[in-house]
Amino acid sequence: MAEKVTFSSCEAEFLRIMGDIRSRKFAPIYLLQGEEFYFIDALCDAFAEGVMEEAMRAFNQIVLYGNDTDGATVASYCRQLPMMGEYEVIIVKEAQQLDKIEHLLAYTASPQPSTILILCHKGKSLDRRSQLYKSIKAGGVVFDSVSPRDYEAERWLTGFAAQRGLTLDAASSKILVAHLGVDISKISNELEKIAVSLPADCKRVTPEHIENYIGISRQFNNFELSNAVLDRRVEQALRIAQYMGENPKAYPLLLSVKVLYEAFRQLFIYNYLAWDSRRNGRAMPSDAELCKILRLGSPYFLKEVVRRAALWPNSKVFNIIGLTCEYDAKSKGIDDGGASNGELLRELLLKIFML
């Protein structure tokens, strides 16, 4: 059975390939595939800019698009020799749309040593059982790009900001991920907007910057909604839900429900660990272990989980998790009764507070 690719292993492989490009260690074929486009685009750009000098690209670098060509044509380009240079680079964007991609097999089985072929295969992966996949795997590099979980996206975002000389506080990373989801292409684009808009002497990104530069309200967002619900601030939670209901495109119900589910999942696990520790007379896991178990992106949030766990016993949390699953389905149009997203969100919150 093939080993499951995790976000952490994906990051590590991404950095390894980036290092190889800088060191000019190239494989003849790269299959960049998967659901997270950020890494695929970043590697594609690195190959486009890092293999040869700009003056040589007009002669030895060809960019093709999957919906405009086919496997046999790509193979014929790959067999060409470079003009006055060491390498020829063939980049196929949107390779998932490539007609008769299996016709590449004759080439991948015996690739041209002076050609570097990069296949950007987004959204889905080649069948691991296919001869083409096995051929590329044997003679080249297969990079599987996977999406992070919420806590992984927060950690990645903090590191991404640090690479740009910025400090992202825990609340800011929570707000961005809670509002934008785990699409790190989208998150990185929004952070870039903030970076170019900040004053030259400012290196710390705050919720105020997020509101001013990309329009995510620091008062009305999924992070603050979750905080209000967990702290049983009924009036504030309903006020936030009202605002979100009036702006459904910016605040999709599916994402709000997902954030609430994750928050109560953490409480459920913490409450269970506390009960199990009392029952068996042993100490709770360390803070570092708890952060890992609860999938918290920062130790900052552990104190909040501990405090709120006292407000929400697992007899209630279990039912709330069931409610979030029910409203996850309703957010997708299943048994929603024709209610708007805003109405469904307020209905969910009232049911939670009534428990």
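Only a predicted model underlies this, so the values are computations on that prediction, with no experimental measurement involved.

### What about the overall build of the chain?
For step 1, the next point in the chain: Counting its secondary structure elements, the chain contains 17 helices and 7 strands.
For step 2, the next point in the chain: Structurally, the chain occupies a C-alpha span of about 70 × 50 × 50 Å along its principal axes.
For step 3, the next point in the chain: Taken over 355 residues, the chain has a buried fraction of 49%.
For step 4, the next point in the chain: Of the contacts formed within the chain by residues at least 6 apart in sequence, a portion of 77% connects residues at least 24 apart.
For step 5, the next point in the chain: For the chain, the exposed surface amounts to about 17,700 Å²; the carbon and sulfur share of it is 52%.

### A few points about helix H10 (residues 207–214)
The α-helix winds at 3.6 residues per turn, so residues separated by three or four positions along the chain end up facing the same way.
For step 1, the next point in the chain: For H10, every residue scored as buried is listed here: Pro207, His209, Ile210 and Ile214. Down the axis of H10, the buried side of the element spans an arc of 155°, and every buried residue falls inside it.
For step 2, the next point in the chain: Where the residues of H10 are buried, they touch helix H8 (170–180), helix H9 (184–197) and strand E7 (204–205).
For step 3, the next point in the chain: Trailing H10 by a residue or two, Gly215 shows a phi angle of about 80°, which is positive.

### Notes on the nonpolar core
For step 1, the next point in the chain: The biggest cluster of nonpolar side chains holds 94 residues, and the ones touching the most others in it are Tyr30, Phe39, Ile118, Val229, Phe264 and Leu349.
For step 2, the next point in the chain: Excluding residues that lie within four positions of it along the chain, Ile118 makes contacts with Tyr30, Leu32, Phe47, Val89, Ile90, Ile91 and Val92.
For step 3, the next point in the chain: Counting residues in hydrophobic clusters, the runner-up holds 21 residues, among them Cys78, Ile90, Val92 and Tyr107.

### Topic: the pairing of strand E3 (residues 88–93)
For step 1, the next point in the chain: In terms of burial, E3 is a largely internal element, 5 of the 6 residues being buried.
For step 2, the next point in the chain: Alignment of strand E2 (residues 61–65) against E3, held across 5 bridges, turns out to be parallel. Residue pairing in the sheet places Val63 in a bridge with Ile91 of E3.
For step 3, the next point in the chain: Note: E3 against strand E4 (residues 115–122), 5 bridges, orientation parallel. Across the sheet, residue Val92 finds its bridge partner in E4, namely Leu119.

### Structural notes on the sheet that holds E2
For step 1, the next point in the chain: Read across the open sheet, the 5 strands follow the order E2-E3-E4-E1-E5; overall the sheet is parallel. The sheet is open, and its two edges are formed by E2 and strand E5 (141–145), each paired on a single side. When the angles between neighbouring strand axes are averaged without regard to direction, this sheet yields 15°.
For step 2, the next point in the chain: Relative to E4, strand E1 (residues 29–34) is paired through 6 bridges, and the arrangement is parallel. Bridging from a neighbouring strand, Leu31 pairs with Leu119 of E4.
For step 3, the next point in the chain: Along the sheet, helix H1 (residues 7–23) contacts E1 and E5; its crossing angle with E5, the most-contacted strand, is approximately 135°.

### Focus: the packing of H8 against H10
For step 1, the next point in the chain: Look at H8 against H10: their axes get within 8 Å of each other, and the N-to-C directions meet at 40°. Classified by the interaxial angle, the pair formed by H8 and H10 is oblique. Of the residues in H10, those in contact with Ala171, Ser172, Ile175 and Leu176 of H8 are Pro207, Ile210 and Ile214.
For step 2, the next point in the chain: Of the residues assigned to the contact of H8 with H10, the class counts are 6 nonpolar, 1 polar and no charged.

### Side note on a nonpolar patch on the surface
For step 1, the next point in the chain: Among the surface-exposed residues, Phe59, Met83 and Met84 lie close enough to one another that they form a single nonpolar patch of about 350 Å² accessible area.
For step 2, the next point in the chain: In this fold, Met83 is placed in the loop between helix H4 (71–78) and E3.

### Quick word on the environment of Asp127
For step 1, the next point in the chain: For Asp127, the position within the fold is in the loop between E4 and helix H6 (131–139).
For step 2, the next point in the chain: Along the primary structure Asp127 and Tyr261 are separated by 134 residues, whereas in three dimensions their C-alpha atoms are 33 Å apart.
For step 3, the next point in the chain: A distance of 2.9 Å separates a polar atom in the side chain of Asp127 from the backbone nitrogen of Arg129.

### Regarding the state of the cysteines
For step 1, the next point in the chain: Taken as a whole and assessed by the stated rule, the structure comprises 0 disulfides.
For step 2, the next point in the chain: There is no disulfide at Cys78, and the cysteine sulfur nearest it, in Cys120, is 13 Å away.
For step 3, the next point in the chain: You can call Cys78 buried: its relative accessible area is 0%.
For step 4, the next point in the chain: Considering cysteine sulfurs only, Cys44 is the nearest to Cys120, which forms no disulfide, with 3.7 Å between them.
For step 5, the next point in the chain: We classify Cys120 as buried; its relative accessible area is 3%.

Procedures and definitions
What you see as residue numbers is a count from 1 along each chain, following the sequence as written. Since the coordinates come from a predicted model, pLDDT governs what is reported: local features require at least 70, and pairs of side-chain atoms require 80 or more to be given and counted, while whole-chain, interface and lining totals use all residues. Side-chain measures were taken over the full set of non-hydrogen atoms in the model, leaving aside hydrogen atoms and water. Helix and strand assignments follow DSSP, with helices taken as H or I runs no shorter than four residues and strands as E runs no shorter than two, numbered in order from the N terminus. Whether a residue is buried, partly exposed or exposed follows from its accessible area with a 1.4 Å probe, protein chains only, as a fraction of its type maximum: under 20%, in between, or over 50%, in that order. In this analysis, two residues are considered to be in contact whenever any of their non-hydrogen atoms come within 4.5 Å of each other. All accessibility values rest on the Shrake-Rupley procedure with a 1.4 Å probe; residue burial counts only the protein chains present in the view. By arc we mean the arc of the directions from the helix axis to the C-beta atoms, nothing more. Each nonpolar core is a collection of buried residues, namely Ala, Val, Leu, Ile, Met, Phe, Trp, Tyr and Cys, held together in the definition by side-chain atoms within 4.5 Å. We call two strands paired when DSSP finds no fewer than two bridges between them. Whenever a helix is involved, its axis is fitted only over the stretch in contact; in every case the axis is a line through C-alpha atoms, and angles between N-to-C directions fall within 0 to 180 degrees. Just so you know how the angles are binned, under 35 degrees is roughly parallel, over 145 roughly antiparallel, 65 to 115 roughly perpendicular, and the rest oblique. Residue polarity follows a fixed list, in which Ala, Val, Leu, Ile, Met, Phe, Trp, Tyr, Cys and Pro are nonpolar, Asp, Glu, Lys and Arg are charged, and the others, Gly among them, are polar. Only residues whose relative accessible area exceeds 30% and that take part in no salt bridge are eligible for patches, with like-charged residues grouped when within 9 Å of each other and nonpolar side chains (Val, Leu, Ile, Met, Phe, Trp, Tyr) grouped when within 5 Å. Any Lys or Arg side-chain nitrogen found within 4 Å of a carboxyl oxygen on Asp or Glu counts as a salt bridge. Here a polar contact means two N or O atoms within 3.5 Å. Within protein one must be a hydrogen donor candidate and the other an acceptor candidate, and residues neighboring in sequence count only if both atoms are side-chain atoms. Disulfide assignment relies on a single distance test, namely cysteine sulfur atoms paired within 2.5 Å.

Limitation: the analysis is restricted to geometry and does not speak to function.
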